[in-house]
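Chain residues, written in single-letter form:
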Amino acid sequence: MMNTEAVTPETLDWENLGFSYIKTDYRYVSYWKDGEWDEGELTRDNQVHISEGSTALHYGQSCFEGMKAYRAADGSINLFRPYENAERMKRSCERLLMPAFPVERFVEAVRETVEANEQWVPPYGTGSTLYIRPYMIGVGDNIGVRAAPEYLFAIFVTPVGPYFKGGLTPSDFVVTQYDRAAPYGTGASKVGGNYGGSLLPGTEAKKRNFSDAIYLDPATHTKIEEVGSANFFGITHDDKFITPKSPSILPSITKYSLMYLAEHRLGLTVEEGDVYVDQLDRFKEAGACGTAAVISPIGGIQYGDDFHVFYSETEVGPVTKRLYNELIGIQYGDIAAPENWVVKV
Ligand SMILES: *Cc1c(COP(=O)(O)O)cnc(C)c1O
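All values derive from a computational prediction rather than experimental measurement. (Residues numbered from 1 in each chain as written. Predicted model: local features only at pLDDT ≥ 70, side-chain atom pairs only at ≥ 80, totals over all residues. Heavy atoms only, no water.)

Draft legend 1. Inspection of the packing of helix H2 (residues 82-95) against helix H3 (residues 103-116) at higher detail. It is the contact of H2 with H3, at a shortest axis distance of 9 Å, that shows an interaxial angle of 125 degrees. By the angle class used here, H2 and H3 are oblique. Pair H2 / H3 crosses with right-handed handedness. Only Val-103, Glu-104, Phe-106 and Val-107 of H3 make contact with H2, whose side of the interface consists of Pro-82, Tyr-83, Asn-85, Ala-86, Glu-87, Met-89 and Lys-90. For the contact of H2 with H3, the residue count by class is seven nonpolar, one polar and three charged. (Axes fitted to C-alpha atoms, helices over the stretch in contact; angles between N-to-C directions. Helix = DSSP H or I, 4+ residues; strand = E, 2+ residues; numbered from the N terminus. Parallel < 35°, antiparallel > 145°, perpendicular 65-115°, else oblique. Left-handed = near helix turned anticlockwise from the far one by under 90°. Contact = heavy atoms within 4.5 Å. Nonpolar A, V, L, I, M, F, W, Y, C, P; charged D, E, K, R; others polar.)

Printed below as a string of structure tokens:
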């Protein structure tokens, strides 16, 4: 068993980090009670002590965010569009009848947490980042199906490498018969309940040597919605950037950023629309995108007995590669960012 306690910033092999939990020094916690958030504080305790009646444990009243801190070449630390995460978490909270954590305070708390764990932000050029996990859970004594009497908002951080093995090496995915969300359910919110149900299809996909499961739209099962816990994009033969549009997709900040960069930096036409799983021939390249996944090129997709290969199973396509370079160049501060995209810690 790995002894995570023994890991220190001095002994970490920054260039070979996986995507796993490493205990860092400080986490931020704030409690909501009697209609307001307390002032919040940093703590060294990585255990959460809550009532056995907490709604998060029984009724899935929990949501989270995923962000990263990037070490720039000059040693400073960048956050990428943190206000977007704050706003999205607010929407997730509203969907679950939880009190939102104020947007400005959210960004300030992220900043404080990263700063307190500064030694854990991987050095520039290692390909690793500090993953940031804000979350909120319903806590306090309760038994009936109702909104919790109290809430915990917290943020912890952990240094990570690539989410999918290989980074920019393409990997294969398989279309699952399971749904991750209902048409008017909680698919567009980053809520815990969406992910418990994805463990089985995800594990079945990995057992068959695929990186993850691809989910189709829950109403008709004809259109691609999500690639594991990342959004899908494809590049058509006439250089259009296409990504699915659906009310049950999680609106990826990375995806919206790529749409902007595809149009304004690469000169592509951008379209949100239907991506029929039996019409993959229209794409010369495809990828999965998200904070954790960054851009993970899709080599091929297994759909029933058909296996469709895009650009190549072993090499990233040129458009995907340009999008990737533009995105990470901005995140690490090597390329000029559109206004307000990069916030210094
Ligand atoms: C978090 C998440 C994404 C990616 O969103 P980003 O804002 O780009 O990190 C995509 N799909 C699902 C299901 C997610 O949970």
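Draft legend 2. Layout of the site of the ligand. The immediate surroundings of the ligand are formed by 14 residues, with Lys-190, Tyr-195, Ser-252, Thr-254 and Thr-291 found nearest. In the environment of the ligand, a nitrogen atom lies 3.5 Å from a nitrogen or oxygen atom belonging to the backbone of Ser-229. For the ligand, whose accessible area on its own is 380 Å², the fraction buried by protein is 96%. Of the residues assigned to the shell around the ligand, the class counts are four nonpolar, six polar and four charged. (Near = heavy atom within 4 Å. Polar contact = N/O pair within 3.5 Å; in protein donor to acceptor, adjacent residues only side chain to side chain. Areas by Shrake-Rupley, 256 points an atom, 1.4 Å probe, with all protein chains shown as cover.)

Draft legend 3. Representation of helix H5 (residues 199-207) within the structure. Where H5 is concerned, the buried positions are Pro-201, Gly-202 and Ala-205. Along H5, the residues classed as buried sweep out an arc of 100 degrees about the axis, all on the same side. Set apart from the buried face of H5 by more than 90 degrees, the exposed residues are Leu-199 and Lys-207. Buried residues in H5 make contact with strand E9 (171-175) and strand E10 (213-216). Looking one or two residues beyond H5, the residue adopting positive phi is Asn-209, at roughly 70 degrees. (Buried < 20%, exposed > 50% of the residue type's maximum accessible area, 1.4 Å probe, protein only. Arc of directions from axis to C-beta.)

Draft legend 4. Up close: the pattern of salt bridges. This model, assessed by the stated rule, comprises nine salt bridges. One salt bridge in this structure joins Arg-88 and Glu-65, with 2.7 Å as the shortest N-O distance. Highlighted residues: Arg-88 in helix H2 and Glu-65 in the loop between strand E4 (62-64) and strand E5 (67-71), separated in sequence by 23 residues. Residues Lys-240 and Asp-238 are paired through a salt bridge, measuring 3.6 Å at the closest nitrogen-oxygen approach. Residue classification places Lys-240 among the partly exposed positions, given a relative accessible area of 24%. Taking relative accessible area as the criterion, Asp-238 reaches 53% and is therefore assigned exposed. (Salt bridge = Lys/Arg side-chain N within 4 Å of Asp/Glu carboxyl O.)

Draft legend 5. How the structure looks around a negative patch on the surface. On the surface, Asp-34, Glu-36, Asp-38, Glu-39 and Glu-41 cluster together into a patch of negative charge. Relative to the helices and strands, Glu-41 is located in strand E3 (residues 41-43). (Patch = residues over 30% accessible without salt bridge, like charges linked within 9 Å, V, L, I, M, F, W, Y side chains within 5 Å. Lys, Arg positive; Asp, Glu negative; His and termini not counted. Charge placed at Lys NZ, Arg CZ, Asp CG, Glu CD.)

Draft legend 6. Summary view of H2. The end-to-end C-alpha distance of H2 is 20 Å, a good match for the 20 Å that 14 residues give at a rise of 1.5 Å each. Of the positions making up H2, those classed as buried are Pro-82, Asn-85, Ala-86, Arg-88, Met-89, Ser-92 and Cys-93. Relative to the axis of H2, the buried residues are bounded by an arc of 165 degrees and lie together on one face. Remark: Leu-97 follows H2 within two positions and exhibits a positive phi of approximately 55 degrees. (Expected span 1.5 Å × (residues − 1).)

Draft legend 7. Structural detail: the packing of aromatic side chains. Under the counting rule described, the total for this entry stands at 17 aromatic pairs. An angle of 70 degrees between the planes, with centres 5.2 Å apart, marks the rings of Phe-19 and Tyr-131 as edge-to-face. Here Phe-19, found in the segment before strand E1 (27-33), pairs with Tyr-131, found in strand E7 (residues 129-139); they are 112 residues apart in sequence, far enough to count as distant. When its relative accessible area of 32% is taken as the criterion, Phe-19 is described as partly exposed. Here the aromatic rings of Tyr-124 and Tyr-332 are separated by 6.3 Å at their centres, their planes lie at 80 degrees, and the arrangement is edge-to-face. With Tyr-124 in the loop between H3 and E7 and Tyr-332 in the loop between helix H7 (318-331) and strand E18 (342-344), this pair connects stretches of sequence that are 208 residues apart. An aromatic cluster is built from Tyr-28, Trp-37, Phe-101, Phe-106 and Phe-153, whose rings are joined through pairwise contacts. Looking at Lys-255, its charged tip hangs above the ring of Tyr-256, at a distance of 5.1 Å from the centre. (Phe/Tyr/Trp six-rings, centres within 6.5 Å; stacked < 30°, edge-to-face > 60°. Lys NZ or Arg CZ within 6 Å of the ring centre and 35° of its normal.)

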